[in-house]
Structures are given as structure tokens and as C-alpha cells.
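# Residue-level structural notes
Here are the chains, one letter per residue:
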Amino acid sequence: MNFNTRLLHEGVKKQPNGATFPPIFQSSAFAQESAEDLAGIFENKKMGYCYTRVANPTITAFEERITKLEGGMASVACASGMAALSMALLNILKAGDEVISSASLYGGTIDLFRDIEAFGINTKYVENNNWDEIEAAFSDRTKVVFAETIGNPCLDVTNIDRLAEIAHAHGVPLIVDNTSATPYLIRAIEHGADIVVNSSSKYINGSSNSISGVLTDSGHFKWDKEKYSILGEYLKFGPMAYIAKLRNGLYRNIGTCLSPFNAYLNVIGLETLGLRVEKQCSNAFLLAKWIEETYPDVIVNYPGLKSSKWNDIANTILDKGYGAILTIRVGSKERAFEIMNNLTIPYILSNIGDTKTLVVHPASTISLHSTEKELEDAGVYDDLIRISVGIEDVEDLIEDFRNAI
Ligand SMILES: *Cc1c(COP(=O)(O)O)cnc(C)c1O
């Protein structure tokens, strides 16, 4: 089956009374028939639900759809993309460990890596796709390699196959943030990623009506007993070790669960992921090409353009499109603000992945607290506008940008 058919039918279990949608189980706890049954669930010997902080049928329905879509073994949905990233990393990291990460990251993730320094976990930043630098960054302490499929807002595309190969040669898993690319453009697990994280607040939900995140384990990584002794007793579950530890450990104990209502909204959004992203990518491509051809003094960055440094990698690893985010450099901060204020269709806000087109000036907002080096790595300049393209009719977007520029 192809993408949209799979989206609607794979991982979808029969619902009570023939319902075509999973009901919202807006219940904190679940009663059992007997004391033995409840004890069985607590001992992981019996399937069932006990408490929504651990699991909930509506959330399971969302997780199962994502697992199928990403081609993984199991998923855990969280209250936000940041929660999912925190869980994905902290599940296997402890004091003294190191992460090797692409320096081109979402600002929130850079902040998270800074926060976990307080727990003795350090991150070595490397230039994305710079294999010599990446190779040289490994030490005995390296426990995770991390990158974004399409860096936000730099829009560099990661050669996931190559990065996974290097990580695996060192016995280390590759964790990928697939938020900007979405499973429509790439199933990172097929390219060797071990754990995939999506901020489902963005394209998966699609209409920006709830914050959430989800991580998916491929089940492929062979955890070395000594190197990943943090997995402890869960190592006996083999490929399930990582997810079993997470669900019975940090996820439950820190309490990063998703609300069942938000899981329900995500299931609605997910059904149109393919249609939306197809249109968003096509709009982004047409808008980027039009701006590049029409305004020689505006520098357009979009992985789908021949002028992009990452066009070749994008052509080899992305299916069906180049993402729906582009950035433009317009000469000065004043001109950037003027153009943003002149636009009538896009919302001025710091989000991506909405059905509606969104614009933001990263330097004065999401990257406000970044150092000079972080700005450079993220490809953020004072005259840069980030555009997250929606599903509007592209003629209207072009007309709006023509008037604004
Ligand atoms: C938005 C975003 C996140 C964080 O997700 P939230 O749902 O806002 O917590 C992480 N990574 C990327 C690439 C993002 O765009």
C-alpha cells in the first residue's frame, strides 16, 4: 500500500460499536474485574490499562498509527515535542555520557542540551554531514548521535544513511528529529535511524490545535550490555528494552504523558498528513522558485532549489518533496520587518507546520538567546525571514509576497 492508504488503514484497530474513530477515553484511571487483574497489569504480566500517566487507549491509537507510519516497533507519545526529545535522550544517558549532535538544530533542543549539562551530560556539536569532524568527535563516553532530518531553520538536509553507518560503527544509536521532514518525506528508520522523534504539534497535528510529541523506536539497535548498562533489567526484553524501560521508567515517573483529547486531535490531523504536506511542499517549491527568479537581491534558501547546498542530499534521501519551510534574506532587519508587516495572508508567529502560512524573524524571536556561534550554525541572520508554507492557493501567496516585497 502507498502512503495515504497506509495512513488511513495501517495500525488502525477495530473500534467499539463500529466507530470509525478511536473514542476519547477521558479517564485518568481504569478499573479491573479483580485484584489479581490489577496486580497483573502492574507486574507487566497482563495487557491492560491502569492509569493514563502510563498508558491510555486513545493515546495508544495515536501511537500505533505513528509506529506504522515511521516503520518502527513501538512509539511513546508525550505532552510536547520537547518532552519526547527529553525522553528519547535521557532514557539512555547518565552523568559522564556524551552526545554528538549536528550543530544545526531547533533552538529549543540546543537549550535542552544546555540544561542537561547540569546532570553531567555533555554535547559535542559538529557540522552536519562533515564526516571527518563527526568521526573525530567520538569517545568512549559517546552514547547518542543526534541530528534533524531537515535542520530548522538552517534547512540543511542530513545524509541519514551515512550518519547511521558511522554511529553504528561506534556501537552508538542514531536519534533523529524528523519534525520538519515528516514521515511523508522520509521514513528515517529505513535509512538507518534507530529512534525517530516528531514534534506532532507541527505537521502531524497539522492545524496547530494542540502541543504534543512522539518518539518511535525501530527496535533494530543492539544494545551492548556494558555500554548501555543503564537499561539494566530491561535488557532481557531484547529489542523492546528501550521502550520498556522508558514506559516503566522516566516517561511514567517524570510524567510526560499526552492528554487523551490531544491524542484524538492528532489522529484527526494524521489522516490528512499526506494531502497537506504534498500541497505544502508544492507551494513552498513554487514560492521559493518565484522569489529567487523575481528578486535577484533576495537570497532564497530552500532544499528544493538547485542553488541549495543540500539539494543533492535532498534528492537522494527525500521522497515526494523538499519540505515546506524556506528562508529568505532581504538585506536588513528593517526590510525584513517591513516585508512581514506588509504581508496580509501569513500569520506572524513562531511555529511551523500549520495549514496556514506563517512567517517569523528568527534573530529577534526564537534565536534571541543564541550565541554568535549558534546563530551561525543555525543559519540565522539579522535580515532573515523564515516562512512555513501552508495549503493556501499558491497564486494568492505569490501575489501577497509580490505586494509585500
Ligand atoms: C517545534 C519543534 C520541536 C519542539 O516541539 P514542541 O512540540 O514545540 O515541544 C522540536 N524540534 C523541532 C525541529 C521543532 O520544530
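All figures in this text were calculated on a predicted structure; none of them were measured in a lab. (Residues numbered from 1 in each chain as written. Predicted model: local features only at pLDDT ≥ 70, side-chain atom pairs only at ≥ 80, totals over all residues. Heavy atoms only, no water.)

## Remarks on the packing of helix α12 (residues 273-294) against helix α16 (residues 394-404)
Contact pair α12 / α16: the axes reach a minimum separation of 10 Å and the direction vectors enclose 35°. Judged by the sense of rotation from one axis to the other, the crossing of α12 with α16 is right-handed. Along the contact surface, α12 presents Asn283, Leu286, Leu287, Trp290 and Ile291, while α16 presents Val394, Leu397, Ile398, Phe401 and Arg402. The class makeup of the residues in the contact of α12 with α16 is eight nonpolar, one polar and one charged. (Axes fitted to C-alpha atoms, helices over the stretch in contact; angles between N-to-C directions. Helix = DSSP H or I, 4+ residues; strand = E, 2+ residues; numbered from the N terminus. Left-handed = near helix turned anticlockwise from the far one by under 90°. Contact = heavy atoms within 4.5 Å. Nonpolar A, V, L, I, M, F, W, Y, C, P; charged D, E, K, R; others polar.)

## A closer look at the domain arrangement of the protein
If you check the domain split of the protein, you get domain 1 (3-269) and domain 2 (273-404). Look at where the C-alpha atoms of domain 1 and domain 2 centre, and you get two points 28 Å apart. With 37 residues of domain 1 at the interface, the matching set in domain 2 holds 36 residues. Ranking the residues of domain 1 by area buried against domain 2 places Leu155, Tyr184 and Tyr203 at the top, with a combined share of 24%. Scanning the region where domain 1 abuts domain 2 turns up two salt bridges. Across the pair Asp319 and Arg187 runs a salt bridge whose closest N-O atoms are separated by 2.8 Å. Applying the counting rule to domain 1 against domain 2 returns 12 residue pairs in polar contact (both at pLDDT 80 or more). For the side of domain 1 that touches domain 2, the secondary-structure elements that each account for two or more residues are α1 (3-9), α5 (107-115), α7 (160-169) and α8 (182-185). Per-element tally for the side of domain 1 that touches domain 2: the top contributor is α8, with four residues. For the side of domain 1 that touches domain 2, the class distribution of residues is 17 nonpolar, 15 polar and five charged. (Domains from an automatic or database assignment. Buried area = accessible area lost by both parts, 1.4 Å probe. Salt bridge = Lys/Arg side-chain N within 4 Å of Asp/Glu carboxyl O. Polar contact = N/O pair within 3.5 Å; in protein donor to acceptor, adjacent residues only side chain to side chain.)

## Here's the deal with helix α9 (residues 241-248)
Taking burial as the measure, the eight residues of α9 include eight buried ones, the bulk of the element. Buried-residue contacts for α9 involve α3 (57-70), β1 (74-78), α4 (81-90), β6 (195-198), β7 (213-217) and α10 (250-255). (Buried < 20%, exposed > 50% of the residue type's maximum accessible area, 1.4 Å probe, protein only.)

## Here's the deal with the nonpolar core
In this structure, Phe62, Leu215 and Leu326 are the most contacted members of the largest nonpolar core, which totals 115 residues. At eight residues, the largest contribution of residues to this core is made by α12. The contacts of Leu215, once residues within four sequence positions are left out, are Ala74, Ser75, Val76, Ala84, Met87, Ala88, Ile195, Val196, Val197, Tyr242, Ile243 and Leu246. (Core = buried A, V, L, I, M, F, W, Y, C linked by side-chain atoms within 4.5 Å.)

## Quick look at the site of the ligand
Inspection of the region around the ligand gives 15 residues, with Gly81, Asp177, Ser199, Ser201 and Lys202 positioned closest. Interatomic distance of 2.6 Å between a side-chain N/O atom of Ser201 and an oxygen atom of the ligand. Within the complex, the protein chains bury 93% of what would otherwise be the 380 Å² of accessible surface of the ligand. With three residues, α4 is the single largest residue contributor to the shell around the ligand. Its residues placed into classes, the shell around the ligand shows five nonpolar, seven polar and three charged. (Near = heavy atom within 4 Å. Areas by Shrake-Rupley, 256 points an atom, 1.4 Å probe, with all protein chains shown as cover.)

## Some words on the UniProt feature "modified residue: N6-(pyridoxal phosphate)lysine" (unreviewed entry) in the protein
As recorded in UniProt, the sites labelled "modified residue: N6-(pyridoxal phosphate)lysine" (unreviewed entry) are Lys202. For Lys202, a relative accessible area of 12% translates into the label buried. Excluding residues that lie within four positions of it along the chain, Lys202 makes contacts with Thr179, Asn351, Ile352 and Gly353. (UniProt positions renumbered as here; feature names shortened; annotations may be inferred.)

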